[in-house]
Amino acid sequence: MELYLDSADLKEIEDAFQLGFLTGLTTTPTFMHRGGITDVDGLIVKLSKIVPVLQIEALGDTAQDVLKEAKRQLALGLDPKKTVFKIPVSLEGVKACNLLRREGLLVNVHLIYTLQQAYMAMQAGASYVCPLVGRLQDQGHDALDLVDQCVFAVNHYGYDTKVMFSSVRNAEHVRNAINAGVHTITVPWKILKSLTENNFTTLGTQQFVEHTRLMTVKVKDAINKVNPVVSADTTLTEAIVKMTEFGFGAVTITDGSGKVVGVFTDGDLRRKLQHDGRNVLAQKMGDFKYNAPVAIDANALLTDAADIFKKSKVDTILVTENGKPAGMLDIQDLEVD
């Protein structure tokens, strides 16, 4: 099924065609008017150099007027093999379609609201017939049934015409078009961008990225660069200041050789104050007893850290390298930014 972008917004068009697989562009005078376009011919020429196939309006009161307008637009430098002239369905419109097709030009007979209109366009040799699904549904009609009828007519009678599903209002319309077996569809950029989105896909992708990170990234490459360290001779008051300056809930205590003595947390501080009162603030950090800190080697993988977090139920792990503190790993550091 051919996939067209339906737009006259130059930025949208440039972004969309970077995808690399769109068939072409459909545009309308209404789109151009909404976009404040004043140089219609200039825009048409510019678009013709950006997109593989350009479908543009050819208007006129009579079939000869339409033919004249199409030739005028071709004279701007458009490639007749890459330009499709859109003609509103009418008696003069299908007559114009036949005239253009006899000259080897491509035609989209659009604003189709009935099977009879589509039939006349097919019989006239239209390259495309274009039912406007969204507009027809707005009027309370079964637009999808019309699309099915048009596809059946093309396939049953062997017309060399493609049914274009247009006036797309939502992603469901795209699914409807695929199920109906249409030959081509034209979709606004806002909807086109949403077609690959799904919450389960997003969650699954995030999970794959996170698990890959856990298995490939070393702890030293993910640790928090904040690394408050004090010596055993530091008073508790000074250690509190250090913790506050770094905005971290723990401080690492080292001996004279730089080896880790223990880790003092804000929870330890509360317990000390409750038990010993304010006098504890003058004590040195080396005077306290420490349990073996929950630690991990800097060269370990994040998946090892994840296991430690799970088993120890702590939020922060001391990271060491050659027995010396290298930093702190917070449980949030395991997450992908």
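Note: the structure precedes this text.
Residues numbered from 1 in each chain as written. Predicted model: local features only at pLDDT ≥ 70, side-chain atom pairs only at ≥ 80, totals over all residues. Heavy atoms only, no water.

Peer 1: In this structure, what is going on with the sheet that holds strand E13 (residues 316–321)? I would like to understand it.
Peer 2: In sheet architecture, strand pairing relies on hydrogen bonds along the backbone and comes in two forms, parallel and antiparallel. Strand order in the open sheet formed by three strands is E12-E13-E14, with mixed pairing between adjacent strands. If you trace the sheet from one side to the other, it starts and ends with strand E12 (295–297) and strand E14 (324–330), each paired once. With direction set aside, neighbouring strand axes in the sheet form an average angle of 35°. As defined by bridge partners, E12 adjoins E13 across three bridges and the pair is classed as parallel. (Pairing = 2+ DSSP bridges. Helix = DSSP H or I, 4+ residues; strand = E, 2+ residues; numbered from the N terminus. Axes fitted to C-alpha atoms, helices over the stretch in contact; angles between N-to-C directions.)

Peer 1: Help me understand the sheet that holds strand E3 (residues 54–57) in this model?
Peer 2: Around the barrel, which closes on itself, the eight strands sit in the order E1-E2-E3-E4-E5-E6-E7-E8 with parallel pairing between neighbours. Neighbour-to-neighbour, the strand axes of the sheet open up by a mean angle of 30°, direction not taken into account. Pairing analysis gives four bridges linking E3 to strand E4 (residues 83–88), with the strands arranged parallel. Within the sheet, the bridge partner assigned to Glu57 lies in E4 and is Lys86. Against the sheet, helix H8 (residues 143–157) contacts strand E5 (106–112), strand E6 (128–131) and strand E7 (162–165), and its axis sits at roughly 165° relative to E7. Packing of helix H9 (residues 171–180) onto the sheet brings it into contact with E7 and strand E8 (184–187), and relative to E8 it is tilted by some 175°. (Contact = heavy atoms within 4.5 Å.)

Peer 1: Would you take a moment to explain H8 for this structure?
Peer 2: Every α-helical turn comprises 3.6 residues, leaving residues that sit three or four positions apart pointing alike. Over its 15 residues, H8 runs 21 Å from end to end, which matches the ideal 21 Å to within 8%, given 1.5 Å per residue. Along H8, the positions that sit buried rather than exposed are Ala143, Leu146, Val147, Cys150, Val151, Ala153 and Val154. Axial view of H8: buried residues confined to an arc of 155°, hence all on one face. In H8, those exposed residues whose orientation departs by more than 90 degrees from the buried face are Phe152 and Asn155. Its buried side turned inward, H8 meets E5, helix H6 (115–123), E6, helix H7 (133–138), E7 and H9. (Expected span 1.5 Å × (residues − 1). Buried < 20%, exposed > 50% of the residue type's maximum accessible area, 1.4 Å probe, protein only. Arc of directions from axis to C-beta.)

Peer 1: Looking at this model, I keep getting lost on the pairing of strand E1 (residues 2–6). Mind explaining?
Peer 2: Side chains on a regular strand alternate between the two faces of the sheet. Where burial is concerned, most of E1 is hidden: five out of the five residues are buried. Residues of E1 alternate between two faces, with Glu2, Tyr4 and Asp6 on one and Leu3 and Leu5 on the opposite face, all of them buried. In this sheet, E8 lies alongside E1 in parallel orientation, the contact comprising four bridges. Bridge assignment links Glu2 to a residue of E8, and that residue is Thr184. Pairing of E1 with strand E2 (residues 24–26) involves three bridges; the strand directions are parallel.

Peer 1: It is not clear to me how unusual backbone geometry should be interpreted in this structure. Could you clarify?
Peer 2: One non-glycine residue, Ser167, adopts positive backbone phi at about 55°. Among the secondary structure elements, Ser167 is positioned in the loop between E7 and H9. What makes Ser167 buried here is its relative accessible area of 13%. In this structure, Lys313 is a non-glycine residue whose phi angle is positive, near 60°. Checked against the element boundaries, Lys313 lands in the loop between helix H14 (302–312) and E13. Using a relative accessible area of 72% as the deciding quantity, one classes Lys313 as exposed.

Peer 1: Which parts of the structure should I look at to understand the pattern of salt bridges?
Peer 2: It is possible for side chains of opposite charge to pair when their charged atoms get near one another. Going through the model one piece at a time under the given rule, you end up with nine salt bridges. Between Lys11 and Asp15 there is a salt bridge whose closest N-O contact spans 2.7 Å. Of this pair, Lys11 and Asp15 both sit in helix H1 (residues 10–16), four residues apart, which is roughly one turn of the helix. Judged by relative accessible area, Lys11 falls into the exposed class, the value being 51%. The exposure class of Asp15 is partly exposed, given its relative accessible area of 27%. In this structure, Arg271 and Asp268 form a salt bridge, with 2.7 Å as the shortest nitrogen-oxygen distance. Linking Arg271 with Asp268, this pair stays in helix H13 (residues 266–276), spanning three residues, or about one helical turn. Three or more residues joined by partner-sharing salt bridges are found here, namely Asp41, Glu69 and Arg72. (Salt bridge = Lys/Arg side-chain N within 4 Å of Asp/Glu carboxyl O.)

These figures come from the coordinates and say nothing about function on their own.
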